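One letter stands for each residue in the lines below.
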Amino acid sequence: MSKINLSVDIAGIKMQNPVTTASGTFGFGLDYLDYFDVNQLGAVVTKTITINRRMGNPPPRIIETPSGLLNSIGLANPGIDEFIQSTLLDLEHIKAPIIVSIAGDTEEEYVELAERLDKVDKIAGIELNVSCPNVRMGGIQFGVCPEQVNRLTKASAAATQKPLIVKLTPNVTDIVEVACAAVEGGARSLSLINTLLGMSIDINKRKPVLANNVGGLAGPAIRPVAVRMVWQVAQAVDVPIIGVGGICDYRDALEFIMAGAASVGVGTWNFVNPTACVDIIEGLRCFCLEQGVKDINELVGCSWK
Amino acid sequence: MSKINLSVDIAGIKMQNPVTTASGTFGFGLDYLDYFDVNQLGAVVTKTITINRRMGNPPPRIIETPSGLLNSIGLANPGIDEFIQSTLLDLEHIKAPIIVSIAGDTEEEYVELAERLDKVDKIAGIELNVSCPNVRMGGIQFGVCPEQVNRLTKASAAATQKPLIVKLTPNVTDIVEVACAAVEGGARSLSLINTLLGMSIDINKRKPVLANNVGGLAGPAIRPVAVRMVWQVAQAVDVPIIGVGGICDYRDALEFIMAGAASVGVGTWNFVNPTACVDIIEGLRCFCLEQGVKDINELVGCSWK
Amino acid sequence: MGQAPKCFLGVNGMKANVKVMANFRVKENYYLMELQRPEVAKNARAGQFIHARCKDSKDPLLRRPFSIYSLDSDKGRIKILYEIKGMGTELLSKYKEGDFLDIMAPLGNGFNLEGNISSAILVGGGIGGAPLMALAESLKGRGINRIYFLVGAQSKDKLIPTVDFESLGVNVITATDDGSEGHRGYITDLLPMKLKESSEGCTVFACGPRPMLKAVAQICARKNIPCQLSLEEIISCGVGACQGCVCKVKDNDTETYHRVCLEGPVFDSGEVVWDV
Amino acid sequence: MGQAPKCFLGVNGMKANVKVMANFRVKENYYLMELQRPEVAKNARAGQFIHARCKDSKDPLLRRPFSIYSLDSDKGRIKILYEIKGMGTELLSKYKEGDFLDIMAPLGNGFNLEGNISSAILVGGGIGGAPLMALAESLKGRGINRIYFLVGAQSKDKLIPTVDFESLGVNVITATDDGSEGHRGYITDLLPMKLKESSEGCTVFACGPRPMLKAVAQICARKNIPCQLSLEEIISCGVGACQGCVCKVKDNDTETYHRVCLEGPVFDSGEVVWDV
Ligand SMILES: Cc1cc2nc3c(=O)[nH]c(=O)nc-3n(C[C@H](O)[C@H](O)[C@H](O)COP(=O)(O)OP(=O)(O)OC[C@H]3O[C@@H](n4cnc5c(N)ncnc54)[C@H](O)[C@@H]3O)c2cc1C
Ligand SMILES: Cc1cc2nc3c(=O)[nH]c(=O)nc-3n(C[C@H](O)[C@H](O)[C@H](O)COP(=O)(O)OP(=O)(O)OC[C@H]3O[C@@H](n4cnc5c(N)ncnc54)[C@H](O)[C@@H]3O)c2cc1C
Ligand SMILES: Cc1cc2nc3c(=O)[nH]c(=O)nc-3n(C[C@H](O)[C@H](O)[C@H](O)COP(=O)(O)O)c2cc1C
Ligand SMILES: Cc1cc2nc3c(=O)[nH]c(=O)nc-3n(C[C@H](O)[C@H](O)[C@H](O)COP(=O)(O)O)c2cc1C
Ligand code: FES
Ligand code: FES
């Protein structure tokens, strides 16, 4: 069996393979220890953290839709202090690179989070969540406006030496415009997509199912939208892309890679198949072997290159 | 059995019930004659027609995705001349109101189509398709820009006395802004949503599956996005809304109605269940009966009213 | 409540394709499925649940959670009792002996049996009775013989089958909303009287619809009787990763959200916040 | 080709839940399903297809098209022969005798047998052989007895079963790419020779992969022999409404798109445009 290179370099973060966990679907990397060895991952992307602890939205927070999952968790997280004081210690034994996702209500909060994480050796990179549609004061306002994304990225990039990844929201007219704004602002990688803003109504109660009314749609249902956006953005920017949205198996991952993503993030499907990430890594290896691909990087963007 | 009112008034078009066919999924109303009596429908919305005959995009034009259907038909249609000279004759025996969907490459084309249809008695209303993502020169440019939608609607409204419905594209940052622009321009009803721009890649061929690369995502997968948009728009405008996107059964239809749609359009699901429309009408009737709803209009927007 | 032991089965051990040994309708919409899974049968506790992938397709998308109904560590088998509600349970009912089912198990914390329990009153509403069977087995195993099972439902045909409880020597008392079997009214109507009969060391365990649990909690609180409740929420990940399944609890004096799948499904009744 | 008669079954008639009379594996990945559907068995023609809803869920979403393999108007039954390819056909293989399957049928135009046909050469590649069985039955029914079935596949195990053809008295000739059965090479290698042997009034009918169809068309064109091809495209609506299933054809001198589900699946080989 010839040696196949699956390793990729995302903004200076060396990953042994392209498979990462999508923020918010893998906690802080510790919840799946009973299912597989987390060190097999290309990288772990954590749940988004904020300055203060957040309880998140009231339940119900989750509802299934056809091939999709609608959620309004509301950025429930322990806050940066507890993250640094306690969660980080638990992460010590994880050897895979750890990328911490952050979000703030204001530009200053993003900057403060970036600054504080900058000092933490254990952290390989920072992902700006500018796109969470659930918290009224947070995400959505930044992520839909190219100028704001540009400013926010610039400010955050100035606050840290760590590789900065900007995670884009799909709820925009022109994803390429926002992507370029982020890159111009100093994003060394882009992650896309976050969830599509959606809603479900309980016809017996005659009210929205989610206590928060609207939520973010994720899962296989949104994959075609995500692949399209990666395909558009990859042709317009020079930074590596982390493709996210509805990935279930290695075939889905390959769609993103061929569309132009150097790395992929697995989200909702972790819930259905807790070993999805490692199954995908193995699937990618087999595909490369069968098709005579020596280096997975050869496949990145091959559908348009 | 007490008498339940299912009839609705959409911009002056009297429909015996809220169920219509989504443009492009029901041909010109004649393809399903073997499955049910088309006169049971609230209204028939035709495939979009253009000035000239269009062959449409090369195949493959269709690919299935999880709970979704990605298509790039490319507005294949006989053109306005053949429509008026030949198709219209076939439609003579249809008694349900007929709404004709139109699209143009330029504002002048929309106006010309509206003018020509204005003279045709048989036609109950005109739907402006400003959102078809498949034809490079057509739809998408108009539909994503509020100013353009406003201008286009104004020009078309001036060209016809018939009720004018504007069908919105979901591929925008702020659907409410576009909706308001259409209403300000003279739209007497809004139809939403058209398809989400998506893509699928054939990993063996390493190329997009669709010959046109990108296509429009429809089907149950997109329902949560559609319900959310109807919910947002219904609270912002005063004209009746035709809710479209992933409707399969009466429960789905009720989600749209409770979100604020006065009428609903069934698209992709016709392909799966050719009697979907009549099944939904019956389902709505039973629901009203069971829940003591005398008039379906009571339910319109009840999730937020 | 105590958390499930981490990693006790080692990497990969908690997800498995397990063999269906039996799957049949026991009554009306209630089905019983028996699975071969020695690791779980040996280690799981009453109140924990399995998370089953009912179908290898993307609709329905999520797994479905089912409480362990019975644990047989000798045969290495577990049982679940389930009610057909929608697509997932419908699909589950199609499994045949010899098929394999993809499950994650055991999940959740389980009932806490560490206190000084001399007798137990189990209160089950509808399918909520399912985990109480495993609990009864467990209590018996610890030599606790005075067990009452107060079981309620809307009507006779919606009562879960109680023959397994009876064979175990559990005292079964029924109530139906329409009086078609047992007491006419809520099962919680009968709880105060039962509690009066009971001595020191009696603990109440309940699972069922939220209004029933609230009533049980209030009755026990008034009498100062320890009470554990098993709650339901839509479960997606089942392992604590997504924060989707929370319920509001009191943690010291502050209110916070706990995950039903990880910190639950069993909670001390005093913890639960009953707003709305 | 002629269009299917509209409304011949009346409103609602073309969609039905029909009873599965048999469903079993005949060979490797090939399954045979028999359905009770007198209206279709009586009226359908060879080359038409059924459009089946393999599962009552939203994934897979679309129906799946299958050619009619055999029509028994006496018993009121139709058969399909199918190959397991993906989720839809996998689900189909799970149906048991007595289950009901939701089908739309008959769809498409079918083979045109109106011309002066004295002998027929049927060319089938892989599962493409399926509609040719119904065609053979039909030809026999019209007293046409000189029928050759040239059937090809990659290898022996991928050849469709030919016993039904043989029982009908059809002359079966096989080819496999790897030579594991019959001629080593393409089945189209054998067509020129067969055509040479054939007399006036011979018509060729073919169904299979596009490259095979193209070769058949070219060979027939050279010899000026009438040839009908059954094409495949992904079918969504099946009734002509969506325009999703088109293939390029020559209509007089202009090229245009025709719908495989309505104007097809059978086309005169001269109509089809073979650009990549
Ligand atoms: C910890 C726990 C233990 C449970 N134990 C049992 C048991 O032992 N036996 C049993 O029959 N049922 C049990 N349930 C409930 C069972 O999970 C649901 O009835 C089942 O998921 C319904 O799936 P469905 O596809 O058939 O129905 P659906 O069509 O999905 O839904 C029917 C109803 O069930 C609710 N529901 C759907 N998914 C879930 C979910 N993942 N969790 C909770 N509720 C859901 C829906 O809101 C809806 O009201 C348990 C639930 C939890 C949370
Ligand atoms: C007119 C017509 C008649 C047919 N007759 C037969 C027959 O008699 N026996 C038989 O075994 N097969 C027949 N097919 C092919 C059959 O429809 C596909 O093999 C089947 O739909 C695959 O479904 P799946 O879910 O198992 O596979 P999928 O996982 O969906 O796909 C497997 C492969 O089949 C192709 N495919 C998927 N859906 C369709 C579709 N709706 N139409 C065509 N191709 C599709 C895919 O592109 C893919 O290459 C026919 C197709 C057509 C168009
Ligand atoms: C339950 C849940 C919680 C999520 N939380 C976050 C989050 O905290 N930060 C973030 O950037 N994205 C979050 N997301 C979005 C995912 O990271 C991902 O972008 C999205 O779910 C699409 O991928 P998927 O279809 O594979 O799930 C969350 C998604 C889900 C389903
Ligand atoms: C095959 C196909 C063709 C379509 N053609 C048109 C069209 O010509 N004009 C239009 O306005 N919308 C068109 N649509 C969009 C539908 O009218 C509808 O807005 C969309 O499919 C969402 O509804 P659904 O999920 O119920 O299919 C088409 C959709 C499909 C699937
Ligand atoms: S279901 Fe994910 S945290 Fe409980
Ligand atoms: S499948 Fe819709 S036109 Fe043929």
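## So, the interface of chain A and chain B
Each partner contributes residues to the interface: chain A has 42 residues there, and chain B has 42 residues. Carbon and sulfur atoms make up 63% of the surface buried where chain A meets chain B, a total of about 3,600 Å² over both sides. When the buried area of chain A at its contact with chain B is split by residue, Met199, Ile203 and Arg206 of chain A rank highest and sum to 19% of it. Here chain A and chain B share 11 residue pairs in polar contact (both at pLDDT 80 or more) between them. For the side of chain A that touches chain B, the elements supplying multiple residues, two or more each, are β11 (196–199), β13 (207–208), β14 (214–218), α6 (223–234), α7 (250–259) and α9 (276–291) of chain A. The element that contributes the greatest number of residues to the side of chain A that touches chain B is α6 of chain A, accounting for 7 residues. Residues belonging to the side of chain A that touches chain B are distributed by class as follows: 25 nonpolar, 11 polar and 6 charged.

## Things to note about the domain arrangement of chain C
Residue and element names in this part refer to chain C. By the assigned domains, chain C splits into domain 1 (7–107) and domain 2 (119–232). Here the C-alpha centroids of domain 1 and domain 2 sit 24 Å apart. Each partner contributes to the interface: domain 1 provides 14 residues, whereas domain 2 provides 17 residues. Contact between domain 1 and domain 2 buries roughly 1,300 Å² in total, counting both sides, with carbon and sulfur atoms accounting for 58%. Counting the surface domain 1 buries against domain 2, the share from its top three residues, Lys27, Tyr30 and Tyr69, is 43%. In this assembly, domain 1 and domain 2 are joined by 0 salt bridges. Inspection of the domain 1/domain 2 interface yields 7 residue pairs in polar contact (both at pLDDT 80 or more).

## Some details on the site of ligand 2
All names here are of chain D. Residues in close proximity to ligand 2 total 19 residues, the closest being Arg64, Pro65, Glu83, Gly88 and Thr89. Here Ser67 contributes a backbone N or O atom positioned 3.0 Å from a nitrogen atom of ligand 2. The protein chains hide 80% of the 840 Å² of surface that ligand 2 would expose on its own. Those elements that provide at least two residues to the shell around ligand 2 are β4 (64–67), β6 (77–83) and α2 (87–92). Looking at the shell around ligand 2, the element that brings in the most residues is β4, giving 4 residues. Taken together, the residues of the shell around ligand 2 break down into 10 nonpolar, 4 polar and 5 charged. Both domains that meet at the shell around ligand 2, namely domain 1 (7–107) and domain 2 (119–232), each give it at least three residues.

Procedures and definitions
Residues numbered from 1 in each chain as written. Chains lettered and ligands numbered in written order. Predicted model: local features only at pLDDT ≥ 70, side-chain atom pairs only at ≥ 80, totals over all residues. Heavy atoms only, no water. Contact = heavy atoms within 4.5 Å. Buried area = accessible area lost by both parts, 1.4 Å probe. Polar contact = N/O pair within 3.5 Å; in protein donor to acceptor, adjacent residues only side chain to side chain. Helix = DSSP H or I, 4+ residues; strand = E, 2+ residues; numbered from the N terminus. Nonpolar A, V, L, I, M, F, W, Y, C, P; charged D, E, K, R; others polar. Domains from an automatic or database assignment. Salt bridge = Lys/Arg side-chain N within 4 Å of Asp/Glu carboxyl O. Near = heavy atom within 4 Å. Areas by Shrake-Rupley, 256 points an atom, 1.4 Å probe, with all protein chains shown as cover.

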